[in-house]
Each structure stands twice: as C-alpha cells, then as structure tokens.
Amino acid sequence: EGVAAYESQCAAIRRLQDLGLKELYSGGNTVTNVAAIMIFLNGAVQAAMERRLKMKKVLEMKKRQKSSQLVYFEKAFEKLDAEYKELKKRQEIAKFIYEELQLSPW
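Let me sum up the structure you'll find in this document. (Residues numbered from 1 in each chain as written. Predicted model: local features only at pLDDT ≥ 70, side-chain atom pairs only at ≥ 80, totals over all residues. Heavy atoms only, no water.)

**Remarks on the pattern of salt bridges**
Part 1 of the argument: Inspection of the entire model under this criterion finds four salt bridges.
Part 2 of the argument: For the salt bridge of aspartate 81 with lysine 85, the shortest nitrogen-to-oxygen distance reads 3.3 Å. Of this pair, aspartate 81 and lysine 85 both sit in helix 3 (residues 70-103), four residues apart, roughly one helical turn.
Part 3 of the argument: For the salt bridge of glutamate 86 with arginine 90, the shortest nitrogen-to-oxygen distance reads 4.0 Å. Of this pair, glutamate 86 and arginine 90 both sit in helix 3, four residues apart, roughly one helical turn.
Part 4 of the argument: On the basis of relative accessibility, which here comes to 42%, the residue glutamate 86 falls in the partly exposed class.
Part 5 of the argument: Overall, arginine 90 belongs to the partly exposed group, its relative accessible area being 47%.
Part 6 of the argument: Members of the salt-bridge network, linked through shared partners, are Arg52, Asp81 and Lys85. (Salt bridge = Lys/Arg side-chain N within 4 Å of Asp/Glu carboxyl O. Helix = DSSP H or I, 4+ residues; strand = E, 2+ residues; numbered from the N terminus. Buried < 20%, exposed > 50% of the residue type's maximum accessible area, 1.4 Å probe, protein only.)

Rendered as structure tokens:
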C-alpha cells in the first residue's frame, strides 16, 4: 500500500510539472495549508481586479479628455491587467492542488 501511495504521489508531481509547475513546495502541503493560501489568493485576486477596474475607468476618462498622459495610463492598465491574470492563474493552480490533495490517498 505504501508503494502504491508513493507511485501515486510521483504521478501527481509529474502531472504538476507537465502543467508548468517547476518549483514544488516541500514544506507542509496539507489541505489546511493550501486552503489558507487559497483564501490569501482569493483576496489578492479580488484586490487586483478592483485596481484593474478603477484604472480602466480612469483610462476611459483620460481617453475622452484626450489627455497628454494617456500613454502612461495605458501602460499602467496593461501592467495591472497582467498582474491580475498572473494572480488568477495562481488561484486556479491552487484550486487544482487543493482538489487533488482532497482526492489523493497520500
């Protein structure tokens, strides 16, 4: 039974590496630790989305005003959009890991 659990763990690690996760955290990886990280990521995603939406509103206002600083606002929006997408990706990965930990025998 121990060998089967080890093989299952190795298969799961390989699957995560195939998904693009090259660095695996070797500390506590219990369901509660991952759940705590998910709560943090949910808050970070929500905050990033709010910042992105606020910048989008400001950008639209600056476009209507034909502001000379429009380029800076566009770059800021692009950066906030990239940050939001990266956090969203991390959140989805954490959700996947959380579900896998709940289902795995190890």
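Resuming the write-up.
**A closer look at the nonpolar core**
Part 1 of the argument: Val34, Met38, Leu41, Ala44, Val45, Ala48, Tyr84, Leu87, Ala94 and Leu101 together form the largest nonpolar core, which totals ten residues.
Part 2 of the argument: Where this core is concerned, the elements lending two or more residues are helix 2 (31-65) and helix 3.
Part 3 of the argument: Among the elements that make up this core, the one with the highest residue count is helix 2 (six residues).
Part 4 of the argument: Look past the residues within four positions of tyrosine 84 in its chain and what remains in contact with it is Val45, Ala48, Met49 and Arg52.
Part 5 of the argument: With five residues, the next largest nonpolar core counts Met55, Leu59, Phe73 and Phe77 among its residues. (Core = buried A, V, L, I, M, F, W, Y, C linked by side-chain atoms within 4.5 Å. Contact = heavy atoms within 4.5 Å.)

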